[in-house]
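# What the coordinates show
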Amino acid sequence: MTQSTWTAVDGYFADLLVKEDSALVAAVEDSDAAGLSALQVAPNQGKLLNLIARIKGARSILEIGTLGGYSTIWLARALPEDGRLVTLEVDEHAATVAAANVERAGVGHLVDIRVGRALETLPQLEAEEAGPFDLVFIDADKPSNPDYLEWSLKLTRPGSVIVGDNVVREGAVTDPTEDDPRVVGVRRFTELIAAEPRLAATAVQTVGVKGHDGFVLAVVN
């Protein structure tokens, strides 16, 4: 199997089952035009996040890592009109792009973009008693994933869902000699989940337009 095959299969299912609208397409185009890294989730993965939030019946969502707001739109569209999504972004430029994208998508009234290092804004959320959140999506700097997990547990409740993206790293997570901080971060993140009695979890590896990667899905007991 090759990357071209994975991409073609993603395209086949996305065309049939996902059907991005103009706001989602524009969110990617404007993010690219603004010079943001093309690290947003694939369309079928965005739809998966939307479905997880809908299956959960989420009314409050925390997203760690906004980028251009592509996944933010997918998640916000799963919320009821009185729901809310708090998304954390370290880069002010990316946050500005994301704000325009979510407004154009018609979900700006549901989204609260917080700018700054997540390890500084997460304690602020706790101080504001912003939680508990029904769903947490972790998709930011991987070396900090263990810290994001700790904060996710503080800001959730039994039944809440935690999703951690990009944990396979093209298989590097299985190499004990790999010292890339991103790989070390996701390995420690997964080990902490495995040792945490408050969580029931699994991991799924994926291949597609984004290459070989995967995600962790956990439920708070």
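Let me sum up the structure you'll find in this document. (Residues numbered from 1 in each chain as written. Predicted model: local features only at pLDDT ≥ 70, side-chain atom pairs only at ≥ 80, totals over all residues. Heavy atoms only, no water.)

### Concerning the overall build of the protein chain
Regarding its fold elements, the protein chain presents 8 helices and 7 strands. Here the protein chain has a C-alpha radius of gyration of 17 Å; the compact-globule value for 221 residues is 17 Å, and the two agree. Its C-alpha atoms put the protein chain at 45 × 40 × 30 Å along the principal axes. The 221 residues of the protein chain split such that 48% are buried. Summarising the internal contacts of the protein chain: among those between residues at least 6 apart in sequence, 73% fall at separations of at least 24. Total accessible area computed for the protein chain in this model is approximately 10,400 Å², and 55% of it derives from carbon and sulfur atoms. If the 19 positive side-chain charges of the protein chain are averaged to one point and the 33 negative ones to another, these points end up 5 Å apart. (Helix = DSSP H or I, 4+ residues; strand = E, 2+ residues; numbered from the N terminus. Rg over C-alpha atoms; globule rule 2.2 N^0.38 Å. Buried < 20%, exposed > 50% of the residue type's maximum accessible area, 1.4 Å probe, protein only. Contact = heavy atoms within 4.5 Å. Areas by Shrake-Rupley, 256 points an atom, 1.4 Å probe, with all protein chains shown as cover. Lys, Arg positive; Asp, Glu negative; His and termini not counted. Charge placed at Lys NZ, Arg CZ, Asp CG, Glu CD.)

### Topic: the pattern of salt bridges
On inspection of all chains with the given rule, the structure shows 12 salt bridges. Among the ionic pairs, Asp139 bridges to Lys142, the shortest N-O distance being 3.1 Å. Take Asp139: its relative accessible area is 15%, and that puts it in the buried class. Salt bridges sharing common partners tie together Asp112, Arg114 and Glu128. (Salt bridge = Lys/Arg side-chain N within 4 Å of Asp/Glu carboxyl O.)

### Some words on helix H7 (residues 145-154)
Most of H7 is tucked away, with 7 of its 10 residues classed as buried. Of the positions making up H7, those classed as buried are Asn145, Pro146, Tyr148, Leu149, Trp151, Ser152 and Leu153. Buried residues in H7 make contact with strand S1 (60-64), helix H6 (118-127), strand S4 (135-138), strand S5 (161-165), helix H8 (181-195) and strand S6 (199-208).

### Things to note about the nonpolar core
Side chains of nonpolar character tend, in soluble globular proteins, to be buried together. The biggest cluster of nonpolar side chains holds 29 residues, and the ones touching the most others in it are Ile61, Leu75, Leu85, Val107, Leu135 and Val163. Those elements giving two or more residues to this core turn out to be helix H1 (3-18), helix H2 (22-33), helix H3 (43-56), helix H4 (70-76), S4 and S5. Take this core: its biggest share by element is 5 residues, from H4. Beyond its immediate chain neighbours, meaning those up to four positions away, Leu135 contacts Ile52, Ala53, Ala58, Ser60, Ile61, Leu62, Leu75, Val161 and Val163. Listed in part, the 26 residues of the second largest apolar core include Leu88, Leu149, Leu199 and Ala218. (Core = buried A, V, L, I, M, F, W, Y, C linked by side-chain atoms within 4.5 Å.)

### Brief notes about the environment of Ile52
The residue Ile52 is located in helix H3 in this model. C-alpha separation for the pair Ile52 and Pro123, spaced 71 residues apart in sequence, amounts to 26 Å. Discounting residues that sit within four places of it in the chain, Ile52 has contacts with Leu135, Val161, Val163 and Leu217.

### Looking at the packing of aromatic side chains
How two aromatic rings sit relative to each other is given by the distance of their centres and the angle of their planes. Applying the stated criterion across every chain yields a total of 1 aromatic pair. Ring geometry for Tyr12 and Phe13: centres 5.0 Å apart, planes at 75 degrees, overall edge-to-face. Under the relative-accessibility criterion, Phe13 is labelled partly exposed at 42%. The ring of Trp151 has Lys154 lying over it, and the distance from NZ or CZ to the ring centre is 4.0 Å. (Phe/Tyr/Trp six-rings, centres within 6.5 Å; stacked < 30°, edge-to-face > 60°. Lys NZ or Arg CZ within 6 Å of the ring centre and 35° of its normal.)

### A short note on the sheet that holds strand S7 (residues 211-220)
Here 7 strands make up an open sheet; going across it, the order is S3-S2-S1-S4-S5-S7-S6 and the pairing mixed. Across the chains shown, the open sheet's two edge strands, defined by having one partner strand only, are strand S3 (111-115) and S6. This sheet shows a mean twist of 15 degrees between the axes of neighbouring strands, independent of strand direction. Pairing geometry for S5 and S7, over 5 bridges, is antiparallel. Bridging from a neighbouring strand, Val161 pairs with Val219 of S7. (Pairing = 2+ DSSP bridges. Axes fitted to C-alpha atoms, helices over the stretch in contact; angles between N-to-C directions.)

### Examining the side chain of Asp180
Within the secondary structure layout, Asp180 lies in the loop between S5 and H8. With relative accessibility at 19%, the residue Asp180 sits in the buried group. Here the side chain of Asp180 touches Arg182 through a polar contact of 2.7 Å, side chain to side chain. (Polar contact = N/O pair within 3.5 Å; in protein donor to acceptor, adjacent residues only side chain to side chain.)

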